[in-house]
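So the chains spell out like this:
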Amino acid sequence: MLLPLQRVIVVMIVCFTMVIVGVLGLGKLLPESTDTITFVSDENGDLDIYALMIDRSQLRITRNLTINPADDTAPAWSPTGERMAFVSSRSGRPNVFLMSPDGEQVTQLTYFNRQHEHVHMLSWSPDGRYIAFTSNYERDWQLYVMRADGSNMHRAWDGQIITSAIDWSPDGRYIAFVTNADENQNDELYLLDLINGETQQLTADHYWNSEPQWSPDGTSIVYRSHRSGVFQLYMYDIRTGSTQPIYDVNRLAGTDPV
């Protein structure tokens, strides 16, 4: 059984090493499970969401959850694991959908249909009542929040372009995101306080930072950065404001999957 912090690190490592086995996209652990990872692959010519089972002896793909000619991306499990939100272009334009864990029951939540409209990254609130996502629905890529049934959609932040993944804090108060809002237009890590609407800049190192993921206890954020000259995983301590490297993802390059 993985410890909570190990679980977060495993998710991040999966995200950046799936390319080794011909997989595209972000790997996600099923909540409260250490034996199922969902990820995106173009194995069949279009982007689909797959379930990957982990057992004690091997990794093996068990099922394509979105057998559809359209592209399906950005899988995000609800906190209980009873539903998965994802982005699909099956309606003509990229929109947010919900599906059951087996992929059989699918419900459309957003209905963007103009040529320029896209939806990208998703994150659930910890109580499962809301879904945050990024979209260029009104203008450049912005952060939106809606109820899990698709109602009450509203823009959560009026700042600059969101450039990377978003992640909701375990206590439900903050959303971590990456934007180039600083004067140097670098991709920096920020927090949005959903109670007062204020933002806090966490990094200012003039390097490319991306893919923030909260630790389960809400005291730190794991993210990717190339501040050392190579891409590595770093951990930002919310309490102290300090950052330290925790894993060099480039060490996996050229190795066989295990």
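Only a predicted model underlies this, so the values are computations on that prediction, with no experimental measurement involved. Counting of residues starts from 1 at the beginning of each chain's written sequence and follows it residue by residue. Owing to the predicted nature of the model, reporting of local features is limited to residues with pLDDT of at least 70; listing and counting of side-chain atom pairs is limited to 80 or more, with chain, interface and lining totals taken over all residues. Think of the side-chain values as coming from all heavy atoms in the structure, minus any hydrogens and water.

Asks: What's the story with the sheet that holds strand E8 (residues 106–108) in this structure? I'm lost.
Replies: Where strands meet in a sheet, backbone hydrogen bonds hold them as pairs that are either parallel or antiparallel. Reading across from one edge, E5-E6-E7-E8 is the order of the 4 strands in this open sheet, with antiparallel pairing throughout. Strands at the two margins of the open sheet, each flanked by one partner only, are strand E5 (72–77) and E8. In this sheet, adjacent strand axes meet at a mean angle of 25° when their direction is disregarded. The rule for pairing is simple: two strands pair if DSSP sees at least two bridges between them. Numbering of helices and strands runs from the N terminus, with a helix taken as a DSSP run of H or I at least four residues long and a strand as a DSSP run of E at least two residues long. Strand direction decides the pairing type here: strand E6 (residues 84–88) and strand E7 (residues 95–99), joined by 5 bridges, are antiparallel. Among the inter-strand pairings, Ser88 is bridged to a residue of E7, identified as Asn95. With axes taken as lines fitted to C-alpha atoms, and helix axes fitted only over the stretch in contact, angles between N-to-C directions fall between 0 and 180 degrees.

Asks: Help me understand the side chain of Ser41, please; the structure alone is not making it clear to me.
Replies: Structurally, the position occupied by Ser41 is in strand E2 (residues 36–41). Any residue under 20% of the maximum accessible area for its type is buried, any over 50% is exposed, and the rest in between are partly exposed; the area is computed with a 1.4 Å probe on protein chains only. The class of Ser41 is buried, set by a relative accessible area of 2%. Within 3.5 Å is the distance limit for a polar contact, defined as a pair of N or O atoms, with the added protein rule that one can donate a hydrogen and the other accept it, and that residues adjacent in sequence qualify only through two side-chain atoms. Looking at Ser41, its side chain comes within polar contact range of the main-chain nitrogen of Glu43, at 3.1 Å.

Asks: Hey, could you run me through the pairing of strand E10 (residues 130–135) in this one?
Replies: Consecutive side chains along a regular strand alternate between the two faces of the sheet. By the criterion of burial, E10 is predominantly enclosed, with 6 of the 6 residues buried. The alternating pattern of E10 places Tyr130, Ala132 and Thr134 and Ile131, Phe133 and Ser135 on opposite faces, both of which are buried. Relative to E10, strand E9 (residues 119–124) runs antiparallel, the two being bridged by 4 bridges. By the bridge assignment, Val119 is partnered in E10 with Ser135. Counting the residues that bridge the hairpin from E9 to E10 gives 5 residues, and of these Gly128 lies at a positive phi of roughly 75°. Bridge count for E10 against strand E11 (residues 142–147) is 6 bridges, and the pairing is antiparallel. The partner of Thr134 across the bridge, within E11, is Leu143. What sits between E10 and E11 in their antiparallel hairpin is a turn of 6 residues.

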